[in-house]
Amino acid sequence: MRNLILPFILLLTFVFSCRENDMNEGLEKKTTSYDLYVVGRENNQACYWKNTIKTILPGGTNYAASTIFFDNNNLYILGFDRTALSNGINYSFWKNNVKFDVATYLGISANTPTIQNFTMSNFFVKNGDLYIAGLMKNPAPTSSQNLYQYCHWKNGVKTIVFEQNSYETSASMHLIGNDIYVPLENNITVSNTAPTTWDLGYYKNNAYHFVSTLSSFLNIHEDNGSVKLLVMDHTNQTVYYKDLLTGSTSPSPAFISYSDYSYSLQNDGNDKYFVGYEKYYKNNIQHSMYSAGSNFKYLNSFKVLDNNIYKILHTDDITGVNYNVYINDVIVQSATNSSNNINTEFFNLTVVPQ
């Protein structure tokens, strides 16, 4: 089972350098100009780089910037407090470089060294609306069965999706069209600390729908008017799609299997990219994520726009952790770490047409 937590990348260090000319060399496939943003931290400050030029986020001391969105010409960056807590982490976001504490924005209690009040599962912006989702401690429980609430907020307005008695869930929120989907594994029976039976289901606009037993969800996406849930069946050790609008099932692509399933989907026009850690598939044709013999094998971020591919890869060995940022496999930013100094890190990237 999977705990609810943002997939923050390991805190790693590098010394930043860049090659401005390579930014243009990588953009061979389209004539449109783009701005490339990379988020992370440097010198214990949350920051971002726009075309390799760094901006320090105000109030970002001891924070790392982990996620970035552009929406309606507004820049949103999510960051997390790196202060060591035994009970979770705290979050802030910046809108056009103005900082907002997430707990204060949502009107909930922050995490403390002794109390875990909130864990975020989702943060994104669409059409000017800011969405946040996660599991929180119920401020007014009525029994042991509703100690915790899974909620989502739209522009700070709270909606409770479900309540439960444990601080653990696989739930995540997805906005498809105007509908909110929350897939999750629930009704879990545990024996000797391991789950033995459970259900897979989903909430659509707060109405629950059962999918299967002893199954897990891998991802959910819109596909030509359908809403497809990628399901892993642990009984039969298979992976398949379930159409949540019609109820029909269909096979997953041949390269997605019970033993090789970690792929996210990105659309670029009529092209579909299934993105894994070591390889990706464009319209079912396999491509390696890194060059043969390269030590840059670990993926931090991948983005495709107008047939241009942007990615962050890093190394991880006894000499340190080194980063490269690529456009169409041309290095446009490089960073070298020492083996004993944690100072700077990249987390994510996005691309915006100028």
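Quick caveat: nothing in here was measured; it's all calculated off a predicted structure.

(A) View of the overall build of the protein. Helix and strand counts for the protein come out as 2 helices and 29 strands. Taking 354 residues into account, the globule formula puts the C-alpha radius of gyration at 20 Å, and the protein, at 21 Å, falls close to it. Counting only C-alpha atoms, the protein reaches 60 × 45 × 45 Å along its principal axes. A total of 354 residues make up the protein; the buried ones form 49% of that total.

(B) Local environment of the nonpolar core. Counting residues in hydrophobic clusters, the biggest one holds 20 residues, and the most contacted among them are Val102, Phe118, Met120, Ile132 and Trp153. Those elements giving two or more residues to this core turn out to be strand E6 (74–81), strand E7 (91–95), helix H2 (102–106), strand E9 (118–126), strand E10 (129–137) and strand E11 (148–154). For this core, the leading source of residues is E9, giving 4 residues. One finds Leu36, Tyr310, Ala335 and Phe346 within the second-largest nonpolar core, a separate group that totals 17 residues.

(C) Region of the structure containing the pattern of salt bridges. Using the criterion set out here, one finds 9 salt bridges in the structure. For the salt bridge of Arg82 with Glu345, the shortest nitrogen-to-oxygen distance reads 3.9 Å. Highlighted residues: Arg82 in the loop between E6 and E7 and Glu345 in strand E29 (residues 344–353), separated in sequence by 263 residues. With its nearest N and O atoms 2.7 Å apart, the salt bridge here joins Lys272 to Asp223. Placement of the pair is Lys272 in strand E22 (residues 271–275) and Asp223 in strand E17 (residues 215–223), with a sequence separation of 49 residues.

(D) Representation of the sheet that holds strand E21 (residues 264–268) in the model. Pairing is antiparallel in the open sheet, where 4 strands are placed in the order E21-E22-E23-E24. On the outer flanks of this sheet lie E21 and strand E24 (285–288), each paired with one strand and no other. Averaged over neighbouring strand pairs, the angle between their axes works out to 25° when direction is ignored. As defined by bridge partners, E21 adjoins E22 across 5 bridges and the pair is classed as antiparallel. Opposite Asn267, over in E22, you have Lys272 as the bridge partner.

(E) Quick look at the sheet that holds E17. Pairing is antiparallel in the open sheet, where 4 strands are placed in the order E17-E18-E19-E20. Because the sheet does not close on itself, it has two edges, and the strands there are E17 and strand E20 (249–251). For this sheet, the mean angle separating the axes of adjacent strands, direction not counted, is 30°.

(F) Expanded view of the packing of aromatic side chains. Inspection of every chain in the model, using the stated rule, returns 25 aromatic pairs. Between Tyr323 and Phe346 the ring centres are 5.6 Å apart and the planes differ by 80°, which places this aromatic pair in the edge-to-face class. Highlighted residues: Tyr323 in strand E27 (residues 323–327) and Phe346 in strand E29, separated in sequence by 23 residues. Using a relative accessible area of 0% as the deciding quantity, one classes Tyr323 as buried. Among the aromatic side chains, those forming a connected cluster through ring pairs are Phe69, Phe93, Phe100, Tyr105 and Phe123.

(G) Layout of the side chain of Lys279. The residue Lys279 is located in strand E23 (residues 279–282) in this model. Here Tyr263 takes part through its side chain, which lies 3.4 Å from a polar atom of the side chain of Lys279. What Lys279 contacts, discounting residues up to four positions off in sequence, is Asp260, Tyr263, Phe274, Gln286, His287, Ser288 and Met289.

(H) Structural view of the pairing of E27. Counting buried positions over the 5 residues of E27 gives 5, a clear majority of the element. Note that strand E26 (residues 308–314) and E27 share 5 bridges and pair antiparallel. Looking at E27, one finds that Lys311 is bridged to Tyr326. Sheet topology places E27 next to strand E28 (residues 330–336); 5 bridges connect them, and they run antiparallel. Bridging from a neighbouring strand, Tyr323 pairs with Ala335 of E28. Linking E27 back to E28 in an antiparallel pair, the connection comprises 2 residues, with Asn328 at a positive phi of about 50°.

(I) Spotlight on the side chain of Asp81. Looking at where Asp81 falls in the secondary structure, it is placed in strand E6. Despite its burial, Asp81 pairs with no opposite charge; the closest candidate is Lys99, at 7.1 Å N-O. A distance of 2.7 Å separates a polar atom in the side chain of Asp81 from a polar atom in the side chain of Thr83. The residues contacting Asp81, other than those within four sequence positions of it, are Asn62, Tyr63, Ile89 and Asn90.

(J) Inspection of unusual backbone geometry at higher detail. One non-glycine residue, Asn43, lies in positive phi territory at about 55°. Locating Asn43 in the fold gives a position in the loop between strand E2 (34–42) and strand E3 (45–50). Phi angles above zero are rare outside glycine, and Asn283 is one such case at about 50°. Inspection of the secondary structure puts Asn283 in the loop between E23 and E24.

(K) Region of interest: the pairing of strand E19 (residues 238–243). With 5 of its 6 residues buried, E19 lies for the most part within the structure. Pairing of strand E18 (residues 226–233) with E19, which is carried by 6 bridges, proceeds in the antiparallel orientation. Note that in E19 the partner of Val231 across the bridge is Tyr240. Linking E18 back to E19 in an antiparallel pair, the connection comprises 4 residues, with Gln237 at a positive phi of about 55°. Where E19 and E20 come together, 3 bridges link them in antiparallel fashion. The partner of Tyr241 across the bridge, within E20, is Ser250. Between E19 and E20, which pair antiparallel one after the other, the connecting turn spans 5 residues, and Gly247 there sits at a positive phi close to 85°.

Parameters at a glance
- Residues numbered from 1 in each chain as written.
- Predicted model: local features only at pLDDT ≥ 70, side-chain atom pairs only at ≥ 80, totals over all residues.
- Heavy atoms only, no water.
- Helix = DSSP H or I, 4+ residues; strand = E, 2+ residues; numbered from the N terminus.
- Rg over C-alpha atoms; globule rule 2.2 N^0.38 Å.
- Buried < 20%, exposed > 50% of the residue type's maximum accessible area, 1.4 Å probe, protein only.
- Core = buried A, V, L, I, M, F, W, Y, C linked by side-chain atoms within 4.5 Å.
- Salt bridge = Lys/Arg side-chain N within 4 Å of Asp/Glu carboxyl O.
- Pairing = 2+ DSSP bridges.
- Axes fitted to C-alpha atoms, helices over the stretch in contact; angles between N-to-C directions.
- Phe/Tyr/Trp six-rings, centres within 6.5 Å; stacked < 30°, edge-to-face > 60°.
- Polar contact = N/O pair within 3.5 Å; in protein donor to acceptor, adjacent residues only side chain to side chain.
- Contact = heavy atoms within 4.5 Å.
- Lys, Arg positive; Asp, Glu negative; His and termini not counted.

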